[in-house]
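# An overview of the molecular structure
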Amino acid sequence: MTDTPPDPKSSQTNALGFDEFIGILVAFATIGAILFWSFSRKESGWNFNTLLLPDSSSVTSPSTLPKQTAPNVESRQQPSTSTEEKLPVLTPSPSVNFTTLPQQQPPSPPFIVNKTIPLVIPEQKSTIPPPIAFTDVPGDFWARRFIDALSSRNIIKGYQDYTFRPNQPVTRAEFAAIVEQAFGKEVGKTKSAIAFKDIPTRFWANSAIDQAISTGFLKGYPNKVFRPQQRIPRVQVLVALTSGMNLNVPDSPTQILNLYRDAKVIPNYATNKIAAATVNDLVINYPNPKTLNPNKEATRAEVAAMVYQALVRTGRLNAIESEYIVKAPN
């Protein structure tokens, strides 16, 4: 056998395979560099998924895709209409500096919005407090309305256990205190106070008794005696109110007193005063308007009713309808 020389075609074929291998490496390196460069760009518009797909005819080209932009109020469309209707652009005025705006302060009174709108002034509420709900004065009690009116004005008071004790007798000292609360200094002083022998220096009703004496509502007994703890009779209550208010005696007092079935037991010193009290609607007789009971001890309810009638006579209070108020004939 003889050695044959290498086939030149075979050598050429091996050389071409090595070159192709080098070309492939260079191609892949180039593609890798391009891909790395492309992904490193933040705002790349290329879609490499479409580039790598074998069938590009079924995929939309990147050049045909709509450009995605940030939402803008100017480009919004109403879905229910075919024409585009742009919303107004809310752009602040360049002359306004929102960082230097003054802080809004609440308006100071009066709150005048418009000169054509009248200013509404809240209604002034009465300063008279509600009456005290005494536990022993039922709603149908004959003197309930008189008691309520005077207790709400602090003219008469109850006790600490929320009772009024309407049928309890009234002493002369207690009546002086009620008169002081009811009339105060409205009635001018006509006499000087008297230093009564039977009233201690620190007696609780000293000022009230002095006021009642100096204004003519009450009088003492002979020898400078007042008898503060004595229960005051009804006749003295009516005489005191008539005297303190300076009510005039009517022309025919005897005829007026004939209204009462017990007119004969009225003390002589009090006949004219009782007649004056009658024509001025001060007399309240319960349960029978025609029975005066002048010498009976006055109860707290009776005193409240007669003092209320006296205040009606002065115009300070409104009249209350009661079937027990004695009405003199005209």
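Rules and cut-offs
- Residues numbered from 1 in each chain as written.
- Predicted model: local features only at pLDDT ≥ 70, side-chain atom pairs only at ≥ 80, totals over all residues.
- Heavy atoms only, no water.
- pLDDT = per-residue confidence, 0-100.
- Contact = heavy atoms within 4.5 Å.
- Salt bridge = Lys/Arg side-chain N within 4 Å of Asp/Glu carboxyl O.
- Helix = DSSP H or I, 4+ residues; strand = E, 2+ residues; numbered from the N terminus.
- Buried < 20%, exposed > 50% of the residue type's maximum accessible area, 1.4 Å probe, protein only.
- Polar contact = N/O pair within 3.5 Å; in protein donor to acceptor, adjacent residues only side chain to side chain.
- Patch = residues over 30% accessible without salt bridge, like charges linked within 9 Å, V, L, I, M, F, W, Y side chains within 5 Å.
- Areas by Shrake-Rupley, 256 points an atom, 1.4 Å probe, with all protein chains shown as cover.
- Phe/Tyr/Trp six-rings, centres within 6.5 Å; stacked < 30°, edge-to-face > 60°.
- Lys NZ or Arg CZ within 6 Å of the ring centre and 35° of its normal.

Once that is clear, we can look at the confidence of the model for the protein chain. Atomic detail in the predicted coordinates should be set aside for any region of low pLDDT. Here the protein chain averages 78 in pLDDT, and 65% of its residues register 70 or above. Here residues 68–87 is a poorly scored stretch, pLDDT under 50, and it has eight contacts once near neighbours within four places are set aside; other chains count. Between residues 108–118, whose pLDDT stays under 50, and residues either more than four places distant or in other chains, the model counts two contacts.

Right, let's get into the pattern of salt bridges. Scanning all chains against the criterion turns up six salt bridges. Note that R165 and D161 form a salt bridge whose closest N and O atoms lie 3.7 Å from each other. A salt bridge links K296 to E302; the shortest N-O distance between them is 3.4 Å. Shared partners join several salt bridges into a network, and the residues in it are R234, K296 and E302.

With respect to the element layout, T163 can be found in the loop between α3 (144–152) and α4 (172–183). Among the residues examined, T163 registers a relative accessible area of 12% and is labelled buried. Side chain to side chain, T163 and D161 meet in a polar contact 2.6 Å long. Residue contacts for T163: discarding those within four places in its chain leaves F134, T135, D136 and G158.

To continue, consider a nonpolar patch on the surface. Together, F21, I22, L25 and V26 make up a nonpolar patch on the protein surface, roughly 360 Å² of accessible area in all. Within the fold, I22 resides in helix α1 (residues 8–40).

Right, let's talk about α3 for a bit. For α3, the buried fraction is high: seven of the nine residues fall into the buried class. Among the residues of α3, F146, I147, D148, A149, L150, S151 and S152 are the ones counted as buried. On its buried face, α3 sits against α9 (300–313). The first or second residue beyond α3 is N154, which carries a positive phi of 65°.

Our focus in this paragraph is the packing of aromatic side chains. For the coordinates displayed, the defined rule picks out nine aromatic pairs. Relative to Y286, the ring of W142 has its centre 4.8 Å away and its plane inclined at 5°; by these criteria the two rings are stacked. In this pair, W142 sits in the loop between α2 (48–52) and α3 while Y286 sits in the loop between α8 (271–279) and α9, placing the two residues 144 residues apart along the sequence. Exposure remark for Y286: the relative accessible area of 37% places this residue in the partly exposed category. The interplanar angle of 80° and the centroid separation of 5.0 Å between the aromatic rings of Y286 and Y324 together place this pair among those described as edge-to-face. Placement of the pair is Y286 in the loop between α8 and α9 and Y324 in the segment after α9, with a sequence separation of 38 residues. In this structure an aromatic cluster arises from ring pairing among F141, W142, Y286 and Y324. Over the ring of F226 we find R172, and its NZ or CZ is 4.3 Å from the ring centre. Just above the ring of Y221 sits the side chain of R227; from NZ or CZ to the centre is 4.0 Å.

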